[in-house]
Amino acid sequence: MEQTDKKAGTTDTTHFGYQDVAVEDKTRLVRGVFESVADKYDLMNDLMSFGVHRLWKRHFIAISNIHPGQRVLDLAGGTGDIAALMSKRVGSSGSVVLSDINEAMLAVGRQRMEDRGIVGNIEYSLANAEKLPFADGEFDAVTIAFGLRNVTDQPVALREMYRVLKPGGRAMILEFSKVEFESLKKIYDGYSFGILPRLGKLVADDEDSYRYLAESIRKHPGQDELADMMVDAGFSRVTYRNLTGGIVAIHSGHHD
Amino acid sequence: MTEYITPLPGVLAFALETAVNRVLQLDLESPTRVKKLEGRLLQVDLEGLGITLFFTFRHGVVRVRLKAEGTPDTVISGTPVALFSMAEPEDADWGLPDSKVQINGDASLARDLERIFSKLEPDWEGPLAGMFGDVAGHQLAQGLRQGAETARDTARSASKVFSDIIKDRRS
(Lines give C-alpha, C1' and ligand atoms only; values in the text may rest on other atoms or scores of the structure.)
Protein backbone atom coordinates (compact mmCIF):
# COMPACT_ATOMS: atom_id res chain seq x y z
CA MET A 1 0.00 0.00 0.00
CA GLU A 2 1.37 3.41 -0.88
CA GLN A 3 1.54 5.84 1.98
CA THR A 4 0.99 9.45 1.03
CA ASP A 5 1.22 12.66 2.90
CA LYS A 6 -2.16 13.52 4.38
CA LYS A 7 -0.91 16.94 5.46
CA ALA A 8 -0.40 17.75 1.81
CA GLY A 9 -4.05 17.00 1.21
CA THR A 10 -3.55 13.72 -0.65
CA THR A 11 -5.11 10.38 0.30
CA ASP A 12 -3.70 6.88 0.85
CA THR A 13 -3.95 4.83 -2.29
CA THR A 14 -3.59 1.19 -3.15
CA HIS A 15 -3.88 -0.84 -6.32
CA PHE A 16 -7.03 -2.27 -7.79
CA GLY A 17 -5.66 -4.25 -10.68
CA TYR A 18 -3.50 -1.72 -12.53
CA GLN A 19 -5.47 1.26 -11.23
CA ASP A 20 -4.56 3.30 -8.18
CA VAL A 21 -7.62 3.77 -6.00
CA ALA A 22 -8.26 5.25 -2.58
CA VAL A 23 -7.68 2.67 0.16
CA GLU A 24 -11.25 2.99 1.41
CA ASP A 25 -12.57 2.20 -2.09
CA LYS A 26 -10.69 -1.04 -2.73
CA THR A 27 -12.77 -3.27 -0.47
CA ARG A 28 -15.96 -2.02 -2.14
CA LEU A 29 -14.55 -2.48 -5.65
CA VAL A 30 -13.30 -6.01 -4.91
CA ARG A 31 -16.67 -6.83 -3.40
CA GLY A 32 -18.28 -5.65 -6.65
CA VAL A 33 -16.09 -8.01 -8.68
CA PHE A 34 -16.89 -11.02 -6.53
CA GLU A 35 -20.59 -10.25 -6.33
CA SER A 36 -20.51 -10.12 -10.10
CA VAL A 37 -18.74 -13.48 -10.49
CA ALA A 38 -20.01 -15.36 -7.39
CA ASP A 39 -22.34 -17.73 -9.22
CA LYS A 40 -19.72 -18.42 -11.89
CA TYR A 41 -16.72 -18.49 -9.57
CA ASP A 42 -15.74 -22.10 -10.28
CA LEU A 43 -16.07 -21.54 -13.99
CA MET A 44 -13.84 -18.49 -13.62
CA ASN A 45 -11.19 -20.47 -11.78
CA ASP A 46 -11.36 -23.22 -14.38
CA LEU A 47 -10.89 -20.66 -17.15
CA MET A 48 -8.01 -18.98 -15.36
CA SER A 49 -6.13 -22.17 -14.65
CA PHE A 50 -7.33 -24.70 -17.24
CA GLY A 51 -8.89 -26.57 -14.32
CA VAL A 52 -5.53 -27.02 -12.62
CA HIS A 53 -6.73 -24.98 -9.60
CA ARG A 54 -8.44 -28.16 -8.37
CA LEU A 55 -5.08 -29.96 -8.27
CA TRP A 56 -3.37 -26.96 -6.66
CA LYS A 57 -6.00 -26.91 -3.91
CA ARG A 58 -5.69 -30.65 -3.30
CA HIS A 59 -1.92 -30.34 -3.08
CA PHE A 60 -2.29 -27.35 -0.75
CA ILE A 61 -4.32 -29.43 1.69
CA ALA A 62 -2.22 -32.57 1.18
CA ILE A 63 0.87 -30.77 2.50
CA SER A 64 -0.99 -28.80 5.18
CA ASN A 65 -0.32 -31.34 7.93
CA ILE A 66 -3.82 -30.68 9.26
CA HIS A 67 -4.86 -33.47 11.65
CA PRO A 68 -8.11 -34.88 13.01
CA GLY A 69 -9.40 -32.88 15.95
CA GLN A 70 -7.85 -29.57 14.91
CA ARG A 71 -9.67 -26.25 14.65
CA VAL A 72 -8.84 -24.50 11.39
CA LEU A 73 -9.83 -21.25 9.73
CA ASP A 74 -10.14 -20.76 5.98
CA LEU A 75 -10.11 -17.08 5.04
CA ALA A 76 -11.60 -15.72 1.81
CA GLY A 77 -13.01 -19.23 1.58
CA GLY A 78 -15.32 -18.37 -1.29
CA THR A 79 -17.26 -21.32 -2.50
CA GLY A 80 -15.81 -23.69 0.07
CA ASP A 81 -13.39 -25.85 -1.96
CA ILE A 82 -10.66 -25.65 0.67
CA ALA A 83 -13.04 -25.92 3.64
CA ALA A 84 -14.59 -29.08 2.14
CA LEU A 85 -11.17 -30.73 1.87
CA MET A 86 -10.19 -29.60 5.38
CA SER A 87 -13.50 -30.82 6.81
CA LYS A 88 -12.52 -34.40 5.87
CA ARG A 89 -9.10 -33.94 7.45
CA VAL A 90 -10.20 -32.58 10.83
CA GLY A 91 -13.02 -35.11 11.10
CA SER A 92 -15.93 -34.98 13.51
CA SER A 93 -13.70 -34.15 16.47
CA GLY A 94 -12.35 -31.03 14.75
CA SER A 95 -13.90 -27.96 13.20
CA VAL A 96 -13.49 -25.71 10.19
CA VAL A 97 -14.51 -22.06 10.05
CA LEU A 98 -15.28 -20.99 6.49
CA SER A 99 -14.91 -17.24 6.33
CA ASP A 100 -15.34 -14.64 3.61
CA ILE A 101 -15.84 -10.88 3.54
CA ASN A 102 -18.37 -11.24 0.76
CA GLU A 103 -21.88 -12.28 1.70
CA ALA A 104 -22.72 -13.50 -1.81
CA MET A 105 -19.65 -15.75 -1.94
CA LEU A 106 -20.26 -17.09 1.56
CA ALA A 107 -23.90 -17.87 0.69
CA VAL A 108 -22.81 -19.80 -2.41
CA GLY A 109 -20.21 -21.62 -0.30
CA ARG A 110 -22.69 -22.52 2.42
CA GLN A 111 -25.22 -23.81 -0.10
CA ARG A 112 -22.59 -25.93 -1.84
CA MET A 113 -21.33 -27.41 1.43
CA GLU A 114 -24.84 -28.36 2.43
CA ASP A 115 -25.52 -29.82 -1.02
CA ARG A 116 -22.42 -31.99 -0.61
CA GLY A 117 -23.56 -33.12 2.82
CA ILE A 118 -20.67 -31.41 4.57
CA VAL A 119 -22.27 -30.35 7.84
CA GLY A 120 -21.54 -30.78 11.52
CA ASN A 121 -17.94 -29.65 11.71
CA ILE A 122 -18.33 -26.47 9.64
CA GLU A 123 -19.01 -22.97 10.90
CA TYR A 124 -19.49 -19.86 8.76
CA SER A 125 -18.20 -16.39 9.45
CA LEU A 126 -18.73 -13.20 7.47
CA ALA A 127 -15.43 -11.58 8.33
CA ASN A 128 -12.86 -9.10 7.09
CA ALA A 129 -9.40 -10.71 7.03
CA GLU A 130 -7.98 -7.42 8.33
CA LYS A 131 -10.10 -7.55 11.49
CA LEU A 132 -10.83 -11.13 12.42
CA PRO A 133 -13.59 -11.68 14.99
CA PHE A 134 -11.67 -14.45 16.73
CA ALA A 135 -9.69 -14.72 19.93
CA ASP A 136 -5.89 -14.84 20.05
CA GLY A 137 -4.54 -18.37 19.56
CA GLU A 138 -7.89 -19.88 18.60
CA PHE A 139 -6.76 -21.95 15.58
CA ASP A 140 -4.29 -24.72 14.84
CA ALA A 141 -4.08 -23.64 11.22
CA VAL A 142 -5.20 -20.70 9.08
CA THR A 143 -5.42 -20.93 5.31
CA ILE A 144 -6.18 -18.47 2.56
CA ALA A 145 -6.38 -19.64 -1.04
CA PHE A 146 -6.55 -17.19 -3.92
CA GLY A 147 -7.76 -14.51 -1.52
CA LEU A 148 -4.83 -12.54 -0.18
CA ARG A 149 -4.28 -10.50 -3.33
CA ASN A 150 -7.80 -9.08 -2.96
CA VAL A 151 -7.22 -7.91 0.60
CA THR A 152 -6.68 -4.16 0.84
CA ASP A 153 -4.07 -4.11 3.62
CA GLN A 154 -2.19 -7.37 3.33
CA PRO A 155 0.35 -6.76 6.15
CA VAL A 156 -2.56 -6.20 8.55
CA ALA A 157 -4.28 -9.39 7.36
CA LEU A 158 -1.04 -11.35 7.85
CA ARG A 159 -0.70 -10.01 11.38
CA GLU A 160 -4.30 -11.04 12.07
CA MET A 161 -3.59 -14.54 10.76
CA TYR A 162 -0.61 -14.72 13.08
CA ARG A 163 -2.64 -13.46 16.04
CA VAL A 164 -5.42 -16.05 15.80
CA LEU A 165 -2.96 -18.95 15.49
CA LYS A 166 -2.02 -21.05 18.51
CA PRO A 167 1.69 -21.20 19.34
CA GLY A 168 3.02 -23.88 16.99
CA GLY A 169 0.16 -23.24 14.56
CA ARG A 170 0.74 -22.80 10.88
CA ALA A 171 -0.55 -20.33 8.28
CA MET A 172 -0.65 -21.35 4.64
CA ILE A 173 -1.24 -19.11 1.66
CA LEU A 174 -2.06 -20.37 -1.83
CA GLU A 175 -1.88 -17.55 -4.30
CA PHE A 176 -0.96 -16.66 -7.86
CA SER A 177 2.66 -15.62 -7.94
CA LYS A 178 5.48 -14.62 -10.26
CA VAL A 179 6.58 -16.74 -13.20
CA GLU A 180 10.29 -16.20 -13.77
CA PHE A 181 10.87 -18.76 -16.51
CA GLU A 182 10.87 -16.52 -19.59
CA SER A 183 9.29 -18.91 -22.10
CA LEU A 184 6.44 -19.80 -19.75
CA LYS A 185 6.00 -16.13 -18.78
CA LYS A 186 5.36 -15.08 -22.40
CA ILE A 187 2.70 -17.74 -22.87
CA TYR A 188 1.14 -16.96 -19.50
CA ASP A 189 1.00 -13.20 -20.12
CA GLY A 190 -0.47 -13.73 -23.57
CA TYR A 191 -3.18 -15.92 -22.11
CA SER A 192 -3.95 -13.71 -19.10
CA PHE A 193 -4.29 -10.42 -20.95
CA GLY A 194 -5.19 -11.54 -24.46
CA ILE A 195 -7.50 -14.49 -24.04
CA LEU A 196 -8.83 -14.49 -20.47
CA PRO A 197 -10.77 -11.18 -20.60
CA ARG A 198 -12.36 -12.25 -23.90
CA LEU A 199 -13.33 -15.57 -22.39
CA GLY A 200 -14.77 -13.63 -19.44
CA LYS A 201 -16.88 -11.58 -21.82
CA LEU A 202 -17.98 -14.63 -23.77
CA VAL A 203 -18.77 -16.88 -20.82
CA ALA A 204 -19.86 -14.45 -18.12
CA ASP A 205 -20.43 -11.23 -20.08
CA ASP A 206 -18.04 -9.58 -17.63
CA GLU A 207 -14.80 -8.60 -19.32
CA ASP A 208 -13.83 -6.00 -16.69
CA SER A 209 -13.93 -8.41 -13.74
CA TYR A 210 -11.73 -10.89 -15.55
CA ARG A 211 -9.30 -8.18 -16.57
CA TYR A 212 -9.13 -7.08 -12.92
CA LEU A 213 -8.33 -10.66 -11.89
CA ALA A 214 -5.45 -10.89 -14.37
CA GLU A 215 -4.11 -7.48 -13.33
CA SER A 216 -4.44 -8.22 -9.62
CA ILE A 217 -2.28 -11.32 -10.08
CA ARG A 218 0.49 -9.23 -11.63
CA LYS A 219 0.31 -6.64 -8.85
CA HIS A 220 0.51 -9.26 -6.12
CA PRO A 221 3.90 -9.58 -4.37
CA GLY A 222 6.29 -12.19 -5.75
CA GLN A 223 7.48 -15.22 -3.82
CA ASP A 224 10.30 -13.61 -1.84
CA GLU A 225 8.40 -10.39 -1.23
CA LEU A 226 5.42 -12.22 0.29
CA ALA A 227 7.75 -14.38 2.38
CA ASP A 228 9.39 -11.17 3.68
CA MET A 229 5.94 -9.80 4.54
CA MET A 230 5.18 -12.95 6.52
CA VAL A 231 8.43 -12.58 8.45
CA ASP A 232 7.53 -8.94 9.16
CA ALA A 233 4.11 -10.08 10.44
CA GLY A 234 5.85 -12.26 13.03
CA PHE A 235 5.89 -15.66 11.37
CA SER A 236 8.87 -17.95 11.77
CA ARG A 237 10.06 -20.86 9.61
CA VAL A 238 8.68 -19.02 6.56
CA THR A 239 9.15 -20.81 3.28
CA TYR A 240 7.35 -21.36 0.00
CA ARG A 241 7.08 -23.78 -2.84
CA ASN A 242 6.25 -23.00 -6.45
CA LEU A 243 3.64 -24.94 -8.35
CA THR A 244 3.39 -25.05 -12.15
CA GLY A 245 6.53 -23.01 -12.68
CA GLY A 246 5.58 -20.32 -10.16
CA ILE A 247 2.16 -19.52 -11.62
CA VAL A 248 1.04 -20.16 -8.07
CA ALA A 249 3.02 -20.55 -4.87
CA ILE A 250 2.26 -21.97 -1.46
CA HIS A 251 3.73 -19.93 1.39
CA SER A 252 3.78 -21.19 4.94
CA GLY A 253 4.86 -19.81 8.27
CA HIS A 254 4.54 -20.77 11.91
CA HIS A 255 3.51 -19.00 15.07
CA ASP A 256 6.35 -20.21 17.30
CA MET B 1 27.27 -12.48 -18.00
CA THR B 2 26.89 -15.10 -20.70
CA GLU B 3 24.19 -14.47 -23.28
CA TYR B 4 22.69 -17.63 -24.75
CA ILE B 5 21.27 -18.02 -28.24
CA THR B 6 18.86 -20.84 -27.43
CA PRO B 7 16.34 -21.09 -24.57
CA LEU B 8 17.86 -24.42 -23.49
CA PRO B 9 20.05 -23.06 -20.68
CA GLY B 10 16.94 -21.36 -19.26
CA VAL B 11 15.04 -24.64 -19.49
CA LEU B 12 17.91 -26.40 -17.72
CA ALA B 13 17.96 -23.80 -14.91
CA PHE B 14 14.19 -24.04 -14.51
CA ALA B 15 14.22 -27.86 -14.53
CA LEU B 16 17.09 -27.99 -12.06
CA GLU B 17 15.47 -25.51 -9.68
CA THR B 18 12.19 -27.40 -9.81
CA ALA B 19 13.85 -30.78 -9.26
CA VAL B 20 16.11 -29.62 -6.41
CA ASN B 21 13.29 -27.94 -4.52
CA ARG B 22 10.90 -30.81 -5.14
CA VAL B 23 13.34 -33.19 -3.47
CA LEU B 24 14.15 -30.78 -0.64
CA GLN B 25 10.48 -30.21 0.10
CA LEU B 26 10.03 -33.88 0.93
CA ASP B 27 12.04 -33.32 4.09
CA LEU B 28 10.47 -30.90 6.58
CA GLU B 29 13.90 -29.98 7.96
CA SER B 30 15.31 -28.89 4.59
CA PRO B 31 14.06 -25.27 4.62
CA THR B 32 15.78 -24.69 7.97
CA ARG B 33 19.05 -26.12 6.62
CA VAL B 34 18.82 -24.16 3.37
CA LYS B 35 18.12 -20.95 5.33
CA LYS B 36 21.61 -21.18 6.76
CA LEU B 37 22.95 -20.52 3.25
CA GLU B 38 20.91 -17.35 2.83
CA GLY B 39 22.79 -14.48 1.24
CA ARG B 40 25.44 -16.69 -0.34
CA LEU B 41 25.96 -17.01 -4.07
CA LEU B 42 27.22 -20.13 -5.81
CA GLN B 43 28.34 -20.16 -9.44
CA VAL B 44 28.43 -23.48 -11.26
CA ASP B 45 30.22 -23.72 -14.61
CA LEU B 46 29.12 -26.75 -16.61
CA GLU B 47 32.15 -27.64 -18.68
CA GLY B 48 31.45 -29.09 -22.10
CA LEU B 49 28.07 -27.39 -22.22
CA GLY B 50 29.33 -23.83 -21.81
CA ILE B 51 26.55 -23.03 -19.37
CA THR B 52 26.95 -21.08 -16.14
CA LEU B 53 24.32 -21.38 -13.43
CA PHE B 54 23.93 -19.25 -10.31
CA PHE B 55 22.44 -20.67 -7.13
CA THR B 56 20.95 -18.39 -4.49
CA PHE B 57 19.16 -19.30 -1.27
CA ARG B 58 16.23 -17.45 0.30
CA HIS B 59 13.46 -18.47 2.65
CA GLY B 60 14.58 -22.09 2.54
CA VAL B 61 14.27 -22.22 -1.25
CA VAL B 62 17.06 -22.81 -3.77
CA ARG B 63 16.89 -20.61 -6.84
CA VAL B 64 18.78 -21.38 -10.04
CA ARG B 65 19.30 -18.54 -12.50
CA LEU B 66 21.41 -17.72 -15.54
CA LYS B 67 22.28 -14.30 -14.12
CA ALA B 68 23.09 -13.01 -10.68
CA GLU B 69 24.08 -9.80 -9.00
CA GLY B 70 27.22 -9.66 -6.93
CA THR B 71 30.37 -11.70 -6.72
CA PRO B 72 29.98 -15.45 -6.18
CA ASP B 73 31.23 -16.78 -2.85
CA THR B 74 32.13 -20.04 -4.53
CA VAL B 75 32.69 -21.10 -8.13
CA ILE B 76 32.43 -24.79 -8.96
CA SER B 77 33.47 -26.03 -12.39
CA GLY B 78 33.28 -29.47 -13.86
CA THR B 79 31.61 -31.67 -16.39
CA PRO B 80 28.02 -32.64 -15.58
CA VAL B 81 29.19 -36.20 -14.78
CA ALA B 82 31.84 -34.97 -12.35
CA LEU B 83 29.39 -32.59 -10.72
CA PHE B 84 26.84 -35.35 -10.26
CA SER B 85 29.35 -37.17 -8.09
CA MET B 86 28.88 -34.35 -5.56
CA ALA B 87 25.38 -35.66 -4.90
CA GLU B 88 26.84 -39.00 -3.86
CA PRO B 89 28.06 -38.66 -0.26
CA GLU B 90 29.80 -42.07 -0.27
CA ASP B 91 32.10 -40.89 -3.07
CA ALA B 92 32.89 -37.60 -1.36
CA ASP B 93 36.29 -37.14 -3.00
CA TRP B 94 35.12 -34.31 -5.26
CA GLY B 95 36.82 -31.74 -3.06
CA LEU B 96 40.26 -33.35 -3.31
CA PRO B 97 42.99 -31.80 -5.48
CA ASP B 98 42.88 -34.59 -8.11
CA SER B 99 39.09 -34.44 -8.38
CA LYS B 100 37.57 -33.46 -11.74
CA VAL B 101 35.58 -30.81 -9.90
CA GLN B 102 37.31 -27.44 -9.51
CA ILE B 103 36.34 -25.28 -6.57
CA ASN B 104 37.38 -21.68 -6.21
CA GLY B 105 36.49 -19.43 -3.33
CA ASP B 106 34.72 -20.54 -0.17
CA ALA B 107 34.69 -24.36 -0.32
CA SER B 108 32.55 -24.55 2.81
CA LEU B 109 29.50 -23.52 0.78
CA ALA B 110 29.90 -26.61 -1.42
CA ARG B 111 30.38 -28.77 1.67
CA ASP B 112 27.28 -27.25 3.30
CA LEU B 113 25.25 -28.06 0.20
CA GLU B 114 26.54 -31.61 0.16
CA ARG B 115 25.53 -31.97 3.81
CA ILE B 116 22.01 -30.74 3.06
CA PHE B 117 21.54 -33.44 0.45
CA SER B 118 23.25 -36.15 2.47
CA LYS B 119 21.00 -35.45 5.48
CA LEU B 120 17.91 -35.54 3.32
CA GLU B 121 15.26 -37.89 4.63
CA PRO B 122 12.39 -37.57 2.20
CA ASP B 123 8.96 -38.18 3.67
CA TRP B 124 7.48 -40.07 0.73
CA GLU B 125 4.71 -41.41 2.91
CA GLY B 126 2.99 -38.19 4.02
CA PRO B 127 2.00 -36.81 0.61
CA LEU B 128 1.25 -40.25 -0.84
CA ALA B 129 -0.98 -41.19 2.11
CA GLY B 130 -2.84 -37.93 1.57
CA MET B 131 -3.46 -38.83 -2.06
CA PHE B 132 -4.01 -42.59 -1.93
CA GLY B 133 -4.92 -43.33 1.68
CA ASP B 134 -2.75 -44.69 4.50
CA VAL B 135 -2.32 -48.30 3.33
CA ALA B 136 -1.73 -47.69 -0.37
CA GLY B 137 0.39 -44.62 0.49
CA HIS B 138 2.60 -46.67 2.81
CA GLN B 139 3.11 -49.37 0.16
CA LEU B 140 3.86 -46.83 -2.56
CA ALA B 141 6.31 -45.04 -0.25
CA GLN B 142 8.12 -48.30 0.46
CA GLY B 143 8.36 -48.94 -3.27
CA LEU B 144 9.73 -45.46 -3.85
CA ARG B 145 12.31 -45.84 -1.08
CA GLN B 146 13.48 -49.13 -2.58
CA GLY B 147 13.45 -47.59 -6.07
CA ALA B 148 15.50 -44.63 -4.88
CA GLU B 149 18.03 -46.95 -3.24
CA THR B 150 18.27 -49.03 -6.42
CA ALA B 151 18.71 -45.88 -8.52
CA ARG B 152 21.45 -44.69 -6.13
CA ASP B 153 23.24 -48.05 -6.38
CA THR B 154 22.96 -47.99 -10.17
CA ALA B 155 24.31 -44.43 -10.34
CA ARG B 156 27.17 -45.40 -8.01
CA SER B 157 28.06 -48.43 -10.16
CA ALA B 158 27.78 -46.46 -13.40
CA SER B 159 29.99 -43.73 -11.99
CA LYS B 160 32.57 -46.33 -10.90
CA VAL B 161 32.55 -48.07 -14.31
CA PHE B 162 32.88 -44.72 -16.07
CA SER B 163 35.78 -43.64 -13.89
CA ASP B 164 37.51 -47.04 -14.38
CA ILE B 165 37.21 -46.68 -18.16
CA ILE B 166 38.77 -43.22 -18.00
CA LYS B 167 41.61 -44.53 -15.81
CA ASP B 168 42.23 -47.50 -18.20
CA ARG B 169 42.45 -45.17 -21.19
CA ARG B 170 44.93 -42.94 -19.40
CA SER B 171 47.24 -45.78 -18.34
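Residues numbered from 1 in each chain as written. Chains lettered and ligands numbered in written order. Predicted model: local features only at pLDDT ≥ 70, side-chain atom pairs only at ≥ 80, totals over all residues.

Attention now goes to the packing of helix α3 (residues 53-62) of chain A against helix α4 (residues 81-90) of chain A. When two helices pack together, their arrangement is captured by the angle between the axes and the distance separating the axes. All names here are of chain A. Following both chains from N to C, one finds α3 and α4 inclined at 35°, their axes separated by 10 Å at the closest point. The two elements α3 and α4 cross, and the hand of that crossing is right-handed. In this structure, α3 contributes Lys-57, Arg-58 and Ile-61 to the contact, and α4 contributes Asp-81, Ile-82, Leu-85, Met-86 and Arg-89. A per-class count over the contact of α3 with α4 returns four nonpolar, no polar and four charged. (Axes fitted to C-alpha atoms, helices over the stretch in contact; angles between N-to-C directions. Helix = DSSP H or I, 4+ residues; strand = E, 2+ residues; numbered from the N terminus. Left-handed = near helix turned anticlockwise from the far one by under 90°. Contact = placed C-beta atoms within 7 Å. Nonpolar A, V, L, I, M, F, W, Y, C, P; charged D, E, K, R; others polar.)

Structural remark: α-helix, 3.6 residues per turn; residues separated by three or four positions point the same way. Residue and element names in this part refer to chain A. The terminal C-alpha atoms of helix α7 (residues 182-204) lie 31 Å apart, and with 23 residues this matches the ideal 33 Å at 1.5 Å per residue to within 8%. When the local axis directions of α7 are compared, the greatest deviation, roughly 35°, occurs at Ile-195, which is followed within four positions by the proline Pro-197. Next to the buried residues of α7 lie α2 (41-49) and α8 (207-219). Looking one or two residues past α7, Asp-205 carries a phi angle of roughly 50°, positive in sign. (Expected span 1.5 Å × (residues − 1). Bend = angle between axes of the 7 residues up to and from the residue.)

Membership of the largest hydrophobic core comes to 91 residues, with the highest contact counts inside it found for Met-86, Val-142 and Leu-174 of chain A. Residues within four places of Val-142 of chain A in sequence aside, it is in contact with Leu-73, Leu-75, Met-161, Val-164, Leu-165 and Ala-171 of chain A. (Core = buried A, V, L, I, M, F, W, Y, C linked by C-beta atoms within 7 Å. Buried ≥ 20, exposed ≤ 12 C-beta atoms within 10 Å, placed from the backbone.)

Attention shifts here to the confidence of the model for chain A. Residue and element names in this part refer to chain A. Residues at a pLDDT of 70 or more form 95% of chain A, whose mean pLDDT is 87. Model confidence for chain A, summarised as mean pLDDT per element, is weakest for helix α1 (residues 23-37) at 73 and strongest for strand β3 (residues 71-75) at 98. The model gives residues 1-9 a pLDDT under 50, and that stretch makes twelve contacts with residues more than four places away or in other chains. (pLDDT = per-residue confidence, 0-100.)

All names here are of chain B. Overall, the prediction assigns chain B a mean pLDDT of 75, with 60% of residues at 70 or greater. Least confident of the elements in chain B is helix α6 (residues 134-170), whose mean pLDDT is 56; most confident is strand β2 (residues 51-58), at 94. Per the prediction output, this complex has pTM 0.78; the corresponding ipTM is 0.71.

Residue and element names in this part refer to chain A. A positive phi angle, close to 50°, is found at Arg-237, a residue other than glycine. Within the fold, Arg-237 resides in strand β8 (residues 236-243). For Thr-244, which is not glycine, the phi torsion reads 50° and is therefore positive. Topologically, Thr-244 is positioned in the loop between β8 and β9 (248-254).

Taken together, the contacts link 13 residues of chain A with 14 residues of chain B. Those elements that place two or more of their residues in the side of chain A that touches chain B are α7, α9 (223-232) and β8 of chain A. Among the elements that line the side of chain A that touches chain B, the one with the most residues is β8 of chain A, at five residues. Classifying every residue of the side of chain A that touches chain B by side-chain character gives six nonpolar, three polar and four charged.

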